[in-house]
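Listed here are the chains, written in short residue letters.
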Amino acid sequence: MKNPSKKPKRRTTIAPRVVMIGCFDTKAEDFEYLYQSLLSNGVEVIAVNTGVLGTTQLFPVTFEAEQVAMAGGQKLSVLREKKDRGHALEVMGKGASKIVADLEQNDKVDGIIGMGGGGGTFVAIKAMCALSFGIPKLCLSTLATKDLSGKIGDKDITLVPTIVDVAGLNHMSRVLMSQSAGAICGMISAKIRGNTDVKGSVAISVFGNTSISADRCSKLLKSEGYDVLSFHAVGTGGMTMESLISDGVFDAVLDLTTTELADDLCGGICSAGPSRLTAAGASGLPQVVVPGCLDMVNFGSLDSVPEKYRRRKLFSWAPDVTLMRTNKEENRILGKRMAEKLNAAKGPVCLVFPLGGLSKIGGEGEIFHDPETDRVLFEAIRKNVVRAIKIIEVEANINTPYFGDKVSKELLTLIEQRKTTQ
């Protein structure tokens, strides 16, 4: 297995390459200063112009706006004629994303820096999101102090407030651009300290209702020499895990808590979208999957629960978290969906059913304890899953050290079996 504690391999024979992205038509003076600041740090600059109105002669432009627009599926002349700023930003963002993704594919980018106002920030972040985890990403933005989580998503992007508008050089902008140039170059050259002797890296999904089991899994896997990263299954956690799996960060996945599938079905606040539970299969990774916390859907405070669910079994987990017990019909759908996602897996899969309850509050004597409804979920999975997928039943509640031991050992077995076949 690869050593996950190391950064992606970087070239040592030439200077690091930094992509500088922005609108060189209207902000050429600012970008010329940033360009020179980057050069003074000993890097090669790949300049990508996303400004649809023109270009600059103040510094060499590697990818002109025409190339960016074409990569986004539109001629630059058409964008100019259309005079639709929103449409132009979408096209240029798409084109910039494709260009930087191609650069990474060919090992030609070590970091990326962008700068701008609302439009420039949108395009720069769009491009940065196309790069893998670990490639430094920094954006100088007039919007840096606002909530940009919807645009950044699960990417490791650093935001720096411009304080003033990006509209010509001044004593404040010079300081921030110089520091940002130094920051991105420092991030590229940073040495990562840590354990270099790990066998591999494992992702685990966790929830408050599965935390005891997850902690046990983490302890056992670490004792076997694996680096373990836990993801809170609250929507963003699942999306981040899926993204990092696709980026090749992990060697195996222990998907203990798949509750986000229930939220996606019922409109809960912890949905990770329709792509949840697909990345590991598409990447061919060994994965152990548990229908953990599929006995619940997450909503906010009690008054936020949709009217159609008000007569269902509800439980206040916290003042701002209301859980709804899934019913048999929902479990039939969830079982079918889970099976269909796992059937597409290119790597080994093991399903583990906790017969003593899918969550802490699904255990015997707890409010969501309902073995019959759980059984409907298990049977729906069995009915739709392919024979190649192994299914194991464990006579225990999911949130116990015993269950954690069982699923961890199954994952270790899959990992060892994969080694022998490679």
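Residues numbered from 1 in each chain as written. Predicted model: local features only at pLDDT ≥ 70, side-chain atom pairs only at ≥ 80, totals over all residues. Heavy atoms only, no water.

A.B. asks: Tell me what's going on with the overall build of the protein chain, and back it up with residues and numbers.
C.D. replies: Check the secondary structure of the protein chain and you find 14 helices and 14 strands. Taking 422 residues into account, the globule formula puts the C-alpha radius of gyration at 22 Å, and the protein chain, at 24 Å, falls close to it. When burial is assessed residue by residue, the protein chain has 52% of its 422 residues classed as buried. Carbon and sulfur atoms make up 52% of the accessible area of the protein chain, which amounts to about 18,900 Å² in all. Counting 51 positive and 47 negative side-chain charges, the protein chain places the averaged centre of each group 3 Å from the other. (Helix = DSSP H or I, 4+ residues; strand = E, 2+ residues; numbered from the N terminus. Rg over C-alpha atoms; globule rule 2.2 N^0.38 Å. Buried < 20%, exposed > 50% of the residue type's maximum accessible area, 1.4 Å probe, protein only. Areas by Shrake-Rupley, 256 points an atom, 1.4 Å probe, with all protein chains shown as cover. Lys, Arg positive; Asp, Glu negative; His and termini not counted. Charge placed at Lys NZ, Arg CZ, Asp CG, Glu CD.)

A.B. asks: Break down helix H12 (residues 328–343) for me, citing the residues and quoting the values.
C.D. replies: In an α-helix, one turn spans 3.6 residues; hence positions three or four apart end up facing the same way. Here H12 contains 16 residues, and its C-alpha end-to-end distance of 22 Å stays within 8% of the 22 Å for a straight helix at 1.5 Å per residue. Among the residues making up H12, those that are buried are Glu330, Asn331, Leu334, Gly335, Met338, Ala339, Lys341 and Leu342. Seen from one end, H12 has its buried residues packed into an arc of 160°, which puts them on one side. Close packing links the buried residues of H12 with helix H10 (260–266), strand S9 (287–289), strand S12 (321–325), strand S13 (349–354) and helix H13 (371–384). (Expected span 1.5 Å × (residues − 1). Arc of directions from axis to C-beta. Contact = heavy atoms within 4.5 Å.)

A.B. asks: Account for the layout of surface pockets, naming residues and giving values.
C.D. replies: The calculated volume of the second largest pocket comes to roughly 410 Å³. Residue assignment for the lining of the second largest pocket shows that the elements contributing at least two residues are helix H3 (76–82), helix H4 (85–105) and helix H5 (118–128). For the lining of the second largest pocket, the per-class residue count stands at eight nonpolar, seven polar and six charged. (1 Å grid on protein atoms, 1.4 Å probe; cavity = no way out; pocket = protein on both sides within 12 Å on 5 of 7 lines; lining within 4 Å. Points joined across faces, edges and corners; volume = space filled by probe spheres on them. Nonpolar A, V, L, I, M, F, W, Y, C, P; charged D, E, K, R; others polar.)

A.B. asks: For empty space enclosed by the protein, give the residues involved together with the corresponding values.
C.D. replies: Gaps left between atoms are located by rolling a probe of water-molecule size over the structure's atoms. Evaluation of the coordinates by the stated rule reveals one cavity of 30 Å³ or more. If you add up the space inside the largest cavity, you get close to 70 Å³. Contributing to the lining of the largest cavity are Asp30, Met115, Leu140, Thr162, Val164, Asp165, Val166, Ser173, Leu176 and Met177. Of all the elements, helix H7 (residues 171–189) adds the most residues to the lining of the largest cavity, at three residues. Broken down by class, the residue content of the lining of the largest cavity amounts to six nonpolar, two polar and two charged.

A.B. asks: Which residues make up the sheet that holds strand S1 (residues 17–22), and what are the values?
C.D. replies: Strand order in the open sheet formed by five strands is S2-S1-S3-S4-S5, with parallel pairing between adjacent strands. Of all strands in the sheet, those bounded by a partner on one side alone are strand S2 (44–49) and strand S5 (157–161). If you compare each strand with its neighbour and ignore which way they point, the axes differ by 20° on average. Looking at chain direction, S1 and strand S3 (residues 111–116) are connected through four bridges and run parallel. Following the sheet pairing, Met20 is matched in S3 by Ile113. Along the sheet, H4 contacts S1, S2 and S3; its crossing angle with S1, the most-contacted strand, is approximately 175°. (Pairing = 2+ DSSP bridges. Axes fitted to C-alpha atoms, helices over the stretch in contact; angles between N-to-C directions.)

Distances and angles like these do not, on their own, reveal function.
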